[in-house]
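Summary of structural features
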Amino acid sequence: MTEKSINVDVLVVGGGLNGLPFAIAVASAGLEVLVLEREEPSHLVDAEFDGRVSAIAHASRNLFRSCGIWSHVKAKEPMLDIRITDGPSKFFLHYDHRQLGDEPFGHMVENRHLREAIYTRAAEIPTLSILAPAEYSAITRDSSGVSAHLTSGDIVTARLLVAADGRNSPLRKLAGIKTVGWSYDQMGIVCTIAHETPHHGVAQERFLKPGPFAILPMTGNRSSLVWTEPIERAKVIMALPEAEFHREMEKRFGDYLGDLKVVGPRWSYPLNLHQAERYTDLRLALIGDAAHGMHPIAGQGLNLGLRDVAALAEVVVDAARLGQDIGGATVLEDYQRWRRFDSIALLAITDGLNRLFTNDIPPVRLARDLGLAAVNKMPTLKGFFMEHARGTVGKMPRLLRGEAL
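Attention here is on the structure that accompanies the text. Note that this is a predicted model, so its numbers are computed, not measured.

Focus: empty space enclosed by the protein
One pass over the full model with this rule turns up one cavity of 30 Å³ or more. The computed volume of the largest cavity comes to approximately 40 Å³. What lines the largest cavity is Val53, Ala75, Lys76, Glu77, Met108, Val109, Glu110, Met218, Thr219 and Arg222.

This is how it looks when you write it as structure tokens:
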């Protein structure tokens, strides 16, 4: 096989739910982009590979729509209401989308359907290429550019390298970028539940003593369950036979949707928080899990990564149009300044919520119950929290506002 040299504007390592949308955004604006993905694409759209469901906030939906991805999503279920409760307490917080207009808070989309839509859109863009499965053997960066030696023998040169290679990001480690964070000593159990009666687009977030128990609406009479337990207890639950697992699930789920049935496999994953000490290095930008990871308590993990996507795409495309070096220090500093505070703030909020709602000391429990009830009666404060759920708080990049780059 003849080795070849490939020259592009941007090299993206990682073709997941952050890497490919970023590649699509900048390639749609005319830049030459190459994506390296280690997995075989057909595996990525297999339900056995990832049976999880993602909450796509209103602002993230705008990004997908602006990039031409949303029209390819086969199935999505709108979240019309969000109901937040604290264990057996009678106090609750209820968000109704009609208080903000006609648009839902977001949509629930199975990850496999999202990946299918992203790959379909990517194939429509002539300036975007995907090598998969493919890996690099070495990457060098200097003031003149980026050079990646692939295991195939090919060499890729670019002006900007984007790390979308996950929470254990090898590129982040190669750049010597440290992370701060901790484990929650919790695991998330994920499965799909079929139920007898419709959910009417209502998402439930129940704060139980071991951790949050989320019931998220899917298409048809189905819901995605995200069930948090301490690690050792979660391992026991995951190992239970089907009937016993169902009984444990039903205790927490309740009977408000009628008869329940677990459909498909169960998944589990450890929960932790991590934050990169910086998001950039010489001709390198981190996005998504390579930059940060958070507790799923608010369902904002993917949305936080998509805010990275929108911000980096905007500064890169604007720089290209001005004839600037898209991998230069000024451009990358603009990206880091835009994203770091927002990310740290949301990580702090979700961390605080998890610690608050897993504290079962009676005075703390009473205070948070009264807090839920108070917010539910305060339209202005409640409206702010609802906008936060839609992802429409803070300085928003154009793509998140539904505008083209």
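Read on, since the account is not over.
A look at unusual backbone geometry
Cis geometry marks the peptide bond from Ala132 to Pro133; its omega dihedral reads -5 degrees. Looking at the element boundaries, Pro133 is found in the loop between strand 9 (128–131) and strand 10 (136–142). Here Asp185, not a glycine, exhibits a phi torsion of approximately 55 degrees, which is positive. Examined against the element boundaries, Asp185 turns out to sit in strand 14 (residues 179–195). A relative accessible area of 54% means that Asp185 is categorised as exposed. Phi is positive for Arg283, which is not a glycine, with a value near 55 degrees.

A word on the packing of helix 1 (residues 19–28) against helix 4 (residues 111–122)
To characterise two packed helices, one gives the angle between the axes of the helices and the distance between these axes. Axis separation between helix 1 and helix 4 bottoms out at 10 Å; the angle between their running directions is 25 degrees. As summarised for this structure, helix 1 and helix 4 are arranged roughly parallel, according to the angle between their axes. The handedness of the crossing between helix 1 and helix 4 is left-handed. Here Leu20, Pro21, Ile24 and Ser28 of helix 1 lie close against helix 4, whose contacting residues are Ile118, Tyr119, Arg121 and Ala122.

Brief notes about the environment of His58
Its location among the elements puts His58 in helix 3 (residues 58–66). It is 9.4 Å that separates the C-alpha atoms of His58 and Arg401, two residues lying 343 residues apart in sequence. If we ignore the near neighbours within four places in the chain, the residues touching His58 are Glu103, Pro104, Phe105, Gly106, Arg390 and Thr392.

Comments concerning the side chain of Arg339
As for its position among the elements, Arg339 is in helix 9 (residues 329–357). Its relative accessible area of 2% is what places Arg339 among the buried residues. Those residues within four positions of Arg339 in sequence are excluded, and the remaining contacts are Tyr279, Leu304, Arg307, Asp308 and Ala311.

With respect to the sheet that holds strand 4 (residues 53–57)
Reading across from one edge, 4-8-5 is the order of the three strands in this open sheet, with antiparallel pairing throughout. A strand with exactly one partner marks an edge of an open sheet, and here the two such strands are strand 4 and strand 5 (77–79). Mean inter-strand twist for the sheet, computed between neighbouring axes without regard to direction, equals 30 degrees. Taken strand by strand, helix 3 contacts strand 4 and strand 8 (106–110), and its axis lies near 90 degrees from that of strand 4.

Thoughts on the pattern of salt bridges
Under the criterion given, the structure shown has 22 salt bridges. Ionic pairing is found between Glu110 and Arg222, a salt bridge with its closest N-O pair at 3.0 Å. One end of the pair, Glu110, is in strand 8; the other, Arg222, is in strand 17 (residues 222–230), with 112 residues separating them in the sequence. What makes Glu110 buried here is its relative accessible area of 12%. Through salt bridges with shared partners, a single ionic network connects Glu229, Arg233, Glu248, Lys251 and Arg252.

Considerations on the packing of aromatic side chains
Under the definition given, this model contains five aromatic pairs. Measuring from centroid to centroid gives 6.4 Å for Phe64 and Trp70, while their planes differ by 10 degrees, and the two rings are stacked. Trp70 carries the same exposure label as Phe64, and that label is buried. With a centroid separation of 5.9 Å and 65 degrees between ring planes, the pair formed by Phe213 and Trp227 is classed as edge-to-face. With Phe213 in strand 16 (residues 211–218) and Trp227 in strand 17, this pair connects stretches of sequence that are 14 residues apart. Accessibility expressed as a relative area gives 0% for Trp227, which makes it buried. Joined through ring pairs, the aromatic side chains of Phe213, Trp227 and Phe245 make up one cluster.

Some words on the pairing of strand 17
Of all nine residues that make up strand 17, seven are buried, and the element is covered over most of its length. Where strand 14 lies against strand 17, nine bridges are found, and the strand directions are antiparallel. Residue pairing across strands places Met187 opposite Glu229, the latter belonging to strand 17. Pairing between strand 16 and strand 17: six bridges, direction antiparallel. Bridge assignment links Leu216 to a residue of strand 17, and that residue is Ser224. Here strand 16 hands over to strand 17 after three residues, with Gly220 in that stretch at a positive phi of 70 degrees.

With respect to the pairing of strand 2 (residues 10–13)
Regular strands place their side chains on alternate faces of the sheet. By the alternation rule, side chains of strand 2 split into Val10 and Val12 and Leu11 and Val13, which are all buried. Here four bridges tie strand 2 to strand 3 (residues 33–36), and the two strands are oriented parallel to one another. Each bridged residue has a counterpart across the sheet, and for Val12 the counterpart in strand 3 is Val35. Once you follow strand 2 into helix 1 and on to strand 3, the crossover reads as right-handed. Relative to strand 13 (residues 160–163), strand 2 runs parallel, the two sharing four bridges. Residue Val10 lies in a different strand from strand 13, and its bridge partner there is Leu160.

Definitions and limits used
- Residues numbered from 1 in each chain as written.
- Predicted model: local features only at pLDDT ≥ 70, side-chain atom pairs only at ≥ 80, totals over all residues.
- Heavy atoms only, no water.
- 1 Å grid on protein atoms, 1.4 Å probe; cavity = no way out; pocket = protein on both sides within 12 Å on 5 of 7 lines; lining within 4 Å.
- Points joined across faces, edges and corners; volume = space filled by probe spheres on them.
- Helix = DSSP H or I, 4+ residues; strand = E, 2+ residues; numbered from the N terminus.
- Buried < 20%, exposed > 50% of the residue type's maximum accessible area, 1.4 Å probe, protein only.
- Axes fitted to C-alpha atoms, helices over the stretch in contact; angles between N-to-C directions.
- Parallel < 35°, antiparallel > 145°, perpendicular 65-115°, else oblique.
- Left-handed = near helix turned anticlockwise from the far one by under 90°.
- Contact = heavy atoms within 4.5 Å.
- Pairing = 2+ DSSP bridges.
- Salt bridge = Lys/Arg side-chain N within 4 Å of Asp/Glu carboxyl O.
- Phe/Tyr/Trp six-rings, centres within 6.5 Å; stacked < 30°, edge-to-face > 60°.
- Right-handed = clockwise from strand over helix to strand, strands pointing away.

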